[in-house]
Amino acid sequence: MNVYLLQVVNGVGIGMLYFLLAVGLSIIFGLLRFVNFAHGAFYALGAYLCFQALQLGLNFWVALVAAPLLVGAFAWLTEKVMLRHVYALPHEFHILVTVGLAMVAQELIITSWGPLGVNVAPPESLQGVVMWGSFVYPKYRLFVIGFTALLAVGLWWLLEGTRLGSAVRAGSESTEMVSLLGINIFRLFSLMFALGAATAAIAGVLAAPIRGAEPFMGVEALGVAFVVVVVGGLGSFTGALVGGVLVGVVQSLMSTLWPEGAWLMIYVAMAAVLLLRPHGLLGRG
């Protein structure tokens, strides 16, 4: 199989994980106008909770359900207790509070699981490779692509085909108008913040068998998530999907063509998009 075609498939898989990371960040900013620098911490917590579930004798599938629920509940509580009180403040306060929250989460991870990274094995049913003629590819990575594609469809339906989604889209235009329609805007904020954190945690669980878990993975993930959001366009679901896949494919191809510059090319791609489309590929001008 052509190595570049293999890298494109790898890039799609990585890009779908980037999409899960970025879509929550995009929704939170689109609705709340809130800059969340703790988003990467939710991704790291998802990966470590997956590791902990396996250490307790539970299987990967339980972790895939339980970790996002736990992280979403933690995010919901954090939003109600702490973050809600800084929404009306300038963005500098958003950054200070969420960076502080991310640092606390990172130190809790180090205290609980140690400063070194840990390995997470994929489920037994997804170990090994799939062979179709000359196509040889790990089963687990194919599962990640398929599962995240189904999850993307589910999220699209939630945001485009439900009353909740209509309220979120309306709220991204005018929170005052949504409040006048009788919708509890603070409850909506809490739900969307928890949903954004849960999608990041799902990305962490899915990424753990591929790259393991380590305390500083949230910082790396946060940088990539912001790149994807900027490339795709703030507040755009489809933009997060297109941006995630584009960034993943660029990174994967460059890891073959120029391994040392693979991460650099992500930011080069972002700069190129901003020069041509200042509001992102699918952002609203």
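The structure reproduced in this document is the subject of the present report. Since we're looking at a predicted model, the values are computed, not measured.

**Notes on the overall build of the protein**
When its secondary structure is counted, the protein shows 11 helices and two strands. Listed by position from the N terminus, the elements making up the protein come as α-α-α-α-β-β-α-α-α-α-α-α-α. Here the C-alpha radius of gyration of the protein, 19 Å, is about what a compact globule of 285 residues would show, namely 19 Å. Once the C-alpha set of the protein is aligned to its principal axes, its extents read approximately 60 × 50 × 35 Å. Here the protein holds 285 residues, and 48% of them are scored as buried. Within the protein, one finds 11 positive and 10 negative side-chain charges whose respective centroids are separated by 10 Å.

**Examining a nonpolar patch on the surface**
Side chains of Val3, Tyr4, Leu257, Trp258, Leu264 and Val268 sit close together on the surface and give an oily, nonpolar patch of about 560 Å² of accessible area. One can find Leu264 in helix α11 (residues 262-276). The exposure class of Leu264 is partly exposed, given its relative accessible area of 47%.

**A look at the nonpolar core**
If you look at the biggest cluster of nonpolar residues, it comprises 71 residues, and the most contacted ones within it are Phe19, Tyr43, Phe60, Phe143 and Leu206. Examining the composition of this core, we find that 14 residues originate from one element, helix α8 (residues 185-211), more than from any other. Beyond its immediate sequence surroundings of up to four residues, Tyr43 is in contact with Leu21, Ala200, Ala201, Ala203, Gly204, Ala207, Arg211, Met217, Gly218 and Ala221. Counting five residues, the second largest nonpolar core, distinct from the first, contains Ala38, Leu101, Ala102 and Ala105.

**Structural notes on the packing of helix α2 (residues 39-55) against helix α4 (residues 91-113)**
Where α2 contacts α4, the two axes come as close as 10 Å, and the packing angle between them is 20°. One finds that α2 runs roughly parallel with respect to α4. Here α2 and α4 pass one another in a crossing that is left-handed. Residues Ala41, Ala44, Leu45, Tyr48, Phe51 and Gln52 of α2 form the contact with α4, whose own contacting residues are Ala102, Ala105, Ile109 and Trp113.

**Focus: the packing of aromatic side chains**
Scanning the model with the defined rule gives 10 aromatic pairs in all. Here Phe19 and Phe237 contribute two aromatic rings whose centre-to-centre distance is 5.4 Å and whose plane-to-plane angle is 90°, an arrangement assigned as edge-to-face. In this pair, Phe19 is assigned in helix α1 (residues 3-32) and Phe237 in helix α10 (residues 237-257), connecting sequence segments 218 residues apart. For Phe237, a relative accessible area of 12% translates into the label buried. When the centroid spacing of 5.4 Å and the interplanar angle of 80° are considered together, the rings of Phe60 and Trp61 count as edge-to-face. Taking the relative accessible area as the measure of exposure, Phe60 reaches 3% and is therefore buried. Given the relative accessible area of 35%, Trp61 is considered partly exposed.

**A closer look at the pattern of salt bridges**
By the definition in use, this model includes three salt bridges. One salt bridge in this structure joins Glu220 and Arg211, with 3.1 Å as the shortest N-O distance. Note on Arg211: relative accessible area 33%, which makes it partly exposed. Each member of the salt-bridge network shares a partner with another, and the members are Arg211, Glu214 and Glu220.

**Let's talk about helix α5 (residues 139-160)**
Taking 1.5 Å of rise per residue, 22 residues should cover 32 Å, and α5 covers 31 Å from first to last C-alpha, within 8% of that figure. Those residues of α5 that fall on the buried side of the exposure criterion are Tyr140, Phe143, Val144, Ile145, Thr148, Ala152, Leu155 and Leu159.

**What to know about the environment of Leu64**
Note that Leu64 resides in helix α3 (residues 60-81). On the basis of relative accessibility, which here comes to 9%, the residue Leu64 falls in the buried class. When the C-alpha atoms of Leu64 and Ala149 are compared, they prove to be 16 Å apart, with 85 residues separating the residues in sequence. Ignoring sequence-local partners within four residues, the contact set of Leu64 consists of Phe143, Phe147, Ile202, Val205 and Leu206.

**Quick look at the pairing of strand β2 (residues 135-138)**
What you see with β2 is a clean split: Phe135 and Tyr137 sit on the buried side and Val136 and Pro138 on the side with no burial. Bridge count for strand β1 (residues 129-132) against β2 is four bridges, and the pairing is antiparallel. In the sheet register, Met131 faces β2, and the bridge partner there is Val136. Where β1 folds back onto β2 in an antiparallel hairpin, the turn is made up of two residues, including Gly133, whose phi is positive at roughly 65°.

**Quick word on the side chain of Thr199**
With respect to the helices and strands, Thr199 occurs in helix α8. Note on Thr199: relative accessible area 5%, which makes it buried. In this view, Thr199 contacts Leu20, Val23, Gly24 and Leu155; residues no more than four positions away in its chain are not counted.

Scoring rules and cut-offs
- Residues numbered from 1 in each chain as written.
- Predicted model: local features only at pLDDT ≥ 70, side-chain atom pairs only at ≥ 80, totals over all residues.
- Heavy atoms only, no water.
- Helix = DSSP H or I, 4+ residues; strand = E, 2+ residues; numbered from the N terminus.
- Rg over C-alpha atoms; globule rule 2.2 N^0.38 Å.
- Buried < 20%, exposed > 50% of the residue type's maximum accessible area, 1.4 Å probe, protein only.
- Lys, Arg positive; Asp, Glu negative; His and termini not counted.
- Charge placed at Lys NZ, Arg CZ, Asp CG, Glu CD.
- Patch = residues over 30% accessible without salt bridge, like charges linked within 9 Å, V, L, I, M, F, W, Y side chains within 5 Å.
- Areas by Shrake-Rupley, 256 points an atom, 1.4 Å probe, with all protein chains shown as cover.
- Salt bridge = Lys/Arg side-chain N within 4 Å of Asp/Glu carboxyl O.
- Core = buried A, V, L, I, M, F, W, Y, C linked by side-chain atoms within 4.5 Å.
- Contact = heavy atoms within 4.5 Å.
- Axes fitted to C-alpha atoms, helices over the stretch in contact; angles between N-to-C directions.
- Parallel < 35°, antiparallel > 145°, perpendicular 65-115°, else oblique.
- Left-handed = near helix turned anticlockwise from the far one by under 90°.
- Phe/Tyr/Trp six-rings, centres within 6.5 Å; stacked < 30°, edge-to-face > 60°.
- Expected span 1.5 Å × (residues − 1).
- Pairing = 2+ DSSP bridges.

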